[in-house]
Structures are given as structure tokens and as C-alpha cells.
Amino acid sequence: MDFILRLLQFIVKIVYNIVYVILSVVLPRKKNEQIPAIKDKLVTIPLVEIVQLMRTKRLTSQQLVKAYIERIKEVNPHINAIVQERFEEALADAKRADDLIFKCANSQLTQLYARYPLLGIPFTVKESCGLKGMSYVVGSLQRVDKKAERDCIAVENLKSAGAIPLLVSANPEYCFSIETNSYTNGKCLNPYDFRRSCGGSSGGEGALNGSGATLFGIGSDIAGSIRIPSLFNGVFGHKPTGGLIPNTGVFPSSDDEECNQYLQTGVISRFGSDLGLLLHIMAGANAEKMEFVHPIETKDIKIYYSLGFSGLNGILHHSVTAEIQIAILKAVKCLQQSGLTVEIAQIKAMENSSEIAFSAIARLKKLPLLMREDASVKELLQELVKSYCKASKYTKEGLTFELLRRTNAFMSAEKLIKYKAEGEKLKEEIISLLGNDGVLFFPTFPVPAIHHHTSSLAQWAIDYSLLFNILGLPCTHIPMGVDSDGLPVGFQVIAAPFKDKLCLQIAGALEMAFGGWTPPVKHEFS
């Protein structure tokens, strides 16, 4: 272990525990402070059922798009998740889709949907995942008025399948935070508790999905940026195998080989049953690598589980809350009773998880920086102090992340090389453990949704998620209801490279067993 990094981590843990208690006392939840209830049953139907309704001409794209636009308009004043919308254009797209569908004879619909499997289906996009012609500011005052010049690969593949983008959603500055709070778009709120963060960096997508305001959303994940918002907002989120979907059109990214492994475009949805179809389309030509055509029975999947980091590593980390641990144990017990083999994971090479994770981020020298390249650490610290006084053009969250990168995560260059080798050893151990038919249950993050403006403290625990980006393993966050404070809880499922289908299959099984998404407010339709 690295002494300086771990000392800082332990100090931050103690400070965060104190801050959490104080904020819980001085910021009590206000009565009747909640998003509007869902009144239109249409926005509660999973994608796989929606497609069937449209194929049989019992539902039009215009009806569906209008329903989601109305829901977005209802909730956005409460959560502030939209950066830029294209509602009029989306309705025009929906009309064209309907015209195409209704011109086809029933005998021709199979061929039409083979070519356009998501014809007329609306979705939303994280701002940093380029949507051509739309805002590409990515929460930065330095990029104001910037527009995306092209669609990112995942969006391009979805649009080619007939899907209709509705908007681009909020993310933090340069996506360098687990909290979505920027000078360009303000603060994005959690639909379950407005005092809490919606997470980051795909926070707008997390909040929209948790509010029932989108059928599914596209996000990006380099350090838990899909899974953490999925946890905080009570929905499913999948980070694919490293390198599965090219990062072309995604910001920030680089041509660094390690970056292309760590950073992945993925999907957030209320419905676990929809993830497989969406990932297959988003991956395009690379979908065959996941071998969806060779299914495996759920009963044949082996379950390994851990309630968090163990030993000294666990002591130095933020502790996993009891209710998140219980969620893992409930899922384990359920699957064990269904006949699956279950075993506690013993992973020896995980003892230096923080060093492996943070050193990997420090090695990404080609990833864009907030401040100029030749800025000194002293200048960065001065700017960080200014940011806490709201006198900087940069956010404190972005600067904190940049400080970690510019100081090599407080490690020497030699140690960066050492921990890279340890990461490769850990990857080998996990792949050997899981094989072709095993998955690992592990906390996505140690706590549910954090309070606003505490991410500079809480992000020291991101290796719960970041570690698996570094290893290039596919991960799916699974919602498991809410805790005693009404905040969503859940955990992530990890598999070997290109065994994404195992994660998604477990997600579907647990959705059936536990219900998946729990809405923030009870529906009001009969």
C-alpha cells in the first residue's frame, strides 16, 4: 500500500462520516418536496413490450414521444436534468416513423423491424456522448456554445436502428465528478431526495430515468459514471466490456490504449429486461463478441459475492452501509434458493485496490485537462481554494480530480508502473475465478445518494466502481429497492470480458424477483 494515498483516504473517510451526520441533522427533508407522480401508464411500459405494441400498430411513435415529452416537462423543473431539448424535431421524427410503419402491410413489418428494430423509440443522451448539432459544453465555461460535430458511435447505432433522441442531459464539468453540478447548467437533483446528488457523471440520465422521464438513456463510464448514478437513482445501468464500443464522439477521451479500455459508453434504464437488446444495437458490429446467440441458462451461472473490501483495505475505505450489504445477501439467497451455486469470493490481489485504480487514472496523460498543461500543482491548489470561495471558473470537484491526476495520485512514477502490473495480476485472478459462467456481486458504491457538495470527500471511494473499469470488465448495477431513508440501494454484477450477457441475465432474474425500479412517488393512474 502507498502510505500517503492511504493516509489521505483514511482522513477523508473520517471527515466525510462527520460531515454526513451533520448534514443529516441540519438539512432535514422538507415535507411534500417531491416530483410529480406518474399519471400516464404508457411511460411505465418496458421497451420490449413497447416494440411489440408498435409492431402490431396498437401504439404510435407520436403517442409514445408525446407521453415522454410531457413527463420530462413535469419533472425537469424539480430535477434540472436537461441541457438542451429537441422536442419539436423528435415529434417530426416520430411522425415519419409512424408513416413508415402504417404504409407497410402487416406481412412487411417483420422485414421493416429487422432493419429498424427501434423504429420510433425515444431515448435521451448524456451531453458528453455527442449528439450531432446539440450542446457539447460538458459543464465547462471554457466550452460555452460548443456543439457536437457528430454522433458518438452508440448514438449513431441507435439512430440507425430508428431510435429518436429527445434531448441531451446534464453532466459535471468535463465529467470529472460523481456529482452533477456545473457553472453552465446548475445543480441536478435526486428525484428521491432533493437534498441529495443524482450522482455523476451521467447524473442527468440517472435523474431522468429515476423519475420515469425517459425510456432509456445513453451515458459514459470511466470511473463508475453510469453505475453510481444508477445506484443513486434506483435504476439499472450497464458499463460494457472495455473496448467493446469505440469512444469516437465522446468527451473527454483520448487515443490512449488504456483510456479506450477504461472509458465505455453504456446504457441506463428502469428495466433490466431491456438491457440486452439495447447493448446489442449499441455495440454494432462488435455485438458478436458477446455471443448473445449462445445463451446460458440462469441456473448454470455461478455466483461469487463480496460485501466490500476486506482487511486493512476495508478499514481504510468508506464502510459499506448495512442496507447495501443486506441487498447483496438478499439477492444471493434468492438465487441460491433457485438452484444457483453461490460462494464467497476470495480475491487476494484486491488488497491494493485504491493504488491500482488511482494510479491508472494518473497514467492517462492524454486525457484533457481543465487548466493549461504547464500549470503547476501550486497554481492548481490556489485555484482549488478559489473554487471553494466561488471565485474560480472551474468547479471544486473537477479541480480535485485534476489534482489527483497531476500529482500521480500522490505516488512516484515507479509506483505507477508497479501498480499497473498488480492490476494485470488482479484481472487474471478475477477472470480465472469467474471463467465463462461466473459473476461477482460487489458494492457499486459504499453509500446511497450523497448530499450535494460532498463529492470531493466521497469520490475517494470510487475504486468500488473504478477498479472494474481499469480491469476492463463488464458491470451492471442492479437496483434492490430503497433503504430506511427512502434512498435507493443496490449493487453491481461483474463478469469476465465479453461475458456481458451474464450480467444482464442476472439483472433480468433479480428484476423479476425483487421488482427492479421503485418509483420515487407512487403512480396515480388506475
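Colleague: Explain the environment of Leu231 to me, please; I cannot follow it from the model alone.
Modeller: Relative to the elements of secondary structure, Leu231 occurs in helix 8 (residues 227-233). Under the relative-accessibility criterion, Leu231 is labelled buried at 0%. On a C-alpha basis, the gap between Leu231 and Gly206 in space is 8.5 Å, while along the polypeptide they are 25 residues apart. The contacts of Leu231, once residues within four sequence positions are left out, are Thr444, Phe445, Val447, His477, Pro488, Val489 and Gly490.

Colleague: Teacher, can you tell me more about the side chain of Asn76 here?
Modeller: Structurally, Asn76 can be placed in helix 3 (residues 61-79). For Asn76, the side chain forms a polar contact with the main-chain nitrogen of Ala81, separated by 2.7 Å. Here the side chain of Asn76 touches Ile82 through a polar contact of 3.1 Å, landing on its backbone nitrogen. Ignoring any residue separated from it by four or fewer positions in sequence, one finds Asn76 in contact with Ala81 and Ile82.

Colleague: What is the right way to look at the nonpolar core in this model?
Modeller: Side chains of a nonpolar character, in soluble globular proteins, are inclined to be buried together. Counting residues in hydrophobic clusters, the biggest one holds 174 residues, and the most contacted among them are Ile121, Leu158, Phe441, Phe445, Phe468 and Ile506. Of all the elements, helix 3 adds the most residues to this core, at eight residues. Excluding anything up to four places from it in sequence, Ile121 contacts Leu47, Ile50, Val51, Met54, Leu64, Gly162, Ala163, Ile164, Leu215 and Phe216.

Colleague: Explain the pattern of salt bridges here, please?
Modeller: It is possible for side chains of opposite charge to pair when their charged atoms get near one another. A complete count under the given rule lists 21 salt bridges for this structure. Between Arg363 and Glu258 there is a salt bridge, with the nearest N and O atoms lying 2.9 Å from each other. Pair noted here: Arg363 is in the loop between helix 13 (353-362) and helix 14 (377-388) and Glu258 is in helix 9 (residues 257-262), with a separation of 105 residues, a long-range link. Salt-bridge contacts for Lys396 lead to Glu397; the nearest nitrogen and oxygen are separated by 3.2 Å. Of the two residues examined, Lys396 and Glu397, each falls in the buried class. When salt bridges that share partners are traced, they join Arg86, Asp93 and Arg96 into one network.

Colleague: Looking at this structure, how should I read the packing of aromatic side chains?
Modeller: The description of an aromatic ring pair uses the distance of the two centres, along with the angle that the planes make with each other. As enumerated under the stated definition, the model contains 14 aromatic pairs in all. On the numbers, 5.0 Å between centres and 90° between planes, the contact of Tyr174 with Phe251 is edge-to-face. With Tyr174 in the loop between strand 3 (164-169) and strand 4 (181-182) and Phe251 in the loop between strand 9 (236-239) and helix 9, this residue pair connects regions lying 77 residues apart in the sequence. As far as the burial class goes, Tyr174 and Phe251 line up, both buried. Where Phe232 meets Phe445, the ring centres are 6.0 Å apart and the plane angle is 75°; that geometry is what we call edge-to-face. Here Phe445 lies in the loop between strand 13 (438-442) and helix 17 (455-458) and Phe232 lies in helix 8, a separation of 213 residues in the sequence. As far as the burial class goes, Phe232 and Phe445 line up, both buried. An aromatic cluster is present here, built from Tyr136, Tyr174, Phe176, Phe251 and Phe401 joined pairwise through their rings. It is Arg143 that lies over the ring of Tyr136; its NZ or CZ is 5.1 Å from the centre.

About the thresholds
Residues numbered from 1 in each chain as written. Predicted model: local features only at pLDDT ≥ 70, side-chain atom pairs only at ≥ 80, totals over all residues. Heavy atoms only, no water. Helix = DSSP H or I, 4+ residues; strand = E, 2+ residues; numbered from the N terminus. Buried < 20%, exposed > 50% of the residue type's maximum accessible area, 1.4 Å probe, protein only. Contact = heavy atoms within 4.5 Å. Polar contact = N/O pair within 3.5 Å; in protein donor to acceptor, adjacent residues only side chain to side chain. Core = buried A, V, L, I, M, F, W, Y, C linked by side-chain atoms within 4.5 Å. Salt bridge = Lys/Arg side-chain N within 4 Å of Asp/Glu carboxyl O. Phe/Tyr/Trp six-rings, centres within 6.5 Å; stacked < 30°, edge-to-face > 60°. Lys NZ or Arg CZ within 6 Å of the ring centre and 35° of its normal.

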